[in-house]
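Next come the chains, spelled out residue by residue.
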Amino acid sequence: MPTFAYEAMNQAGQEVKDEIEAVSSEDALAKIRNLGYFPTRIKEKGGSKANAGATKKKKGGGFSFGRVGTKQITQMTRQLSTLQDAGLPILRSLNILQEQEKPGLLKNVLGAVAEDIEGGATLSEACAKHPKAFNRLYVNMVAAGETGGVLDVILSRLADFM
């Protein structure tokens, strides 16, 4: 049976890191919730597809020329707004968008932004590191949305504006 490493929050809001055996990631999620924890991250240990994908993501950076198209950024922003409005965590939302994106500069940028957020950066700080994708207006509007707690609304307005 595969082993899953997980990070979760307990009822007191403290972070818990542990491992659990389960048939699938969905089963692991159910078991963690049954323990009274709120899972924030689950990753299969060992030579699995989950780890192979994570390794692949790190290699995906590489050199690229040109900019991300406005149409691509607009579409991604609208989708991110919808996911945020639905209440998904920002990291999960970015990972979903990255998986759906075709190989290219935007997919690489989304992966890098997700890694920065995983490392503790805010969305605006992570976006600011990629000026070929996100201009200053975009970054500053996202920062305002984060500060005001209305990121979904700001992202929707940004998509409309673009």
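Details of the structure are given in the entry above.
Below you will find a few notes about this structure. Remember, it's a predicted structure, so these values are computed and weren't measured experimentally.

1. Digging into the nonpolar core
Ile73, Met76, Leu94, Val113, Leu123, Phe134 and Tyr138 are the most contacted members of the largest nonpolar core, which totals 25 residues. Going through the elements one at a time, helix 3 (70-85), helix 4 (90-100), helix 5 (105-118), helix 6 (123-128), helix 7 (136-148) and helix 8 (151-161) are the ones with two or more residues in this core. By size, the runner-up hydrophobic cluster in this structure holds 7 residues, among which are Tyr6, Ile20, Ala22 and Ile32.

2. Re the pattern of salt bridges
One pass over the full model with this rule turns up 3 salt bridges. Residues Lys31 and Asp27 are paired through a salt bridge, measuring 3.9 Å at the closest nitrogen-oxygen approach. Placement of the pair is Lys31 and Asp27 together in helix 1 (residues 25-34), with a separation of 4 residues, close to one helical turn. Residue Lys31 is classed as partly exposed on the basis of its relative accessible area, which comes to 31%. You can call Asp27 partly exposed: its relative accessible area is 26%. A salt bridge links Lys129 to Asp116, with the nearest nitrogen and oxygen atoms 3.7 Å apart. Of this pair, Lys129 sits in the loop between helix 6 and helix 7 while Asp116 is found in helix 5, placing the two residues 13 residues apart along the sequence. You can call Lys129 exposed: its relative accessible area is 54%.

3. Examining the pairing of strand 1 (residues 3-9)
Burial along strand 1 is one-sided: the residues Phe4, Tyr6 and Ala8 are buried and none of Thr3, Ala5, Glu7 and Met9 is. Here strand 1 pairs with strand 2 (residues 15-21) via 7 bridges, running antiparallel. Within the sheet, the bridge partner assigned to Tyr6 lies in strand 2 and is Asp18. Turn length for the strand 1-strand 2 hairpin, with the two strands adjacent in sequence and antiparallel, is 5 residues, and the turn residue Gly13 shows positive phi of about 90°. By the bridge criterion, 6 bridges tie strand 1 to strand 3 (residues 38-44) in an arrangement that is antiparallel. Looking at strand 3, one finds that Tyr6 is bridged to Ile42.

Criteria and cut-off values
Residues numbered from 1 in each chain as written. Predicted model: local features only at pLDDT ≥ 70, side-chain atom pairs only at ≥ 80, totals over all residues. Heavy atoms only, no water. Core = buried A, V, L, I, M, F, W, Y, C linked by side-chain atoms within 4.5 Å. Buried < 20%, exposed > 50% of the residue type's maximum accessible area, 1.4 Å probe, protein only. Helix = DSSP H or I, 4+ residues; strand = E, 2+ residues; numbered from the N terminus. Salt bridge = Lys/Arg side-chain N within 4 Å of Asp/Glu carboxyl O. Pairing = 2+ DSSP bridges.

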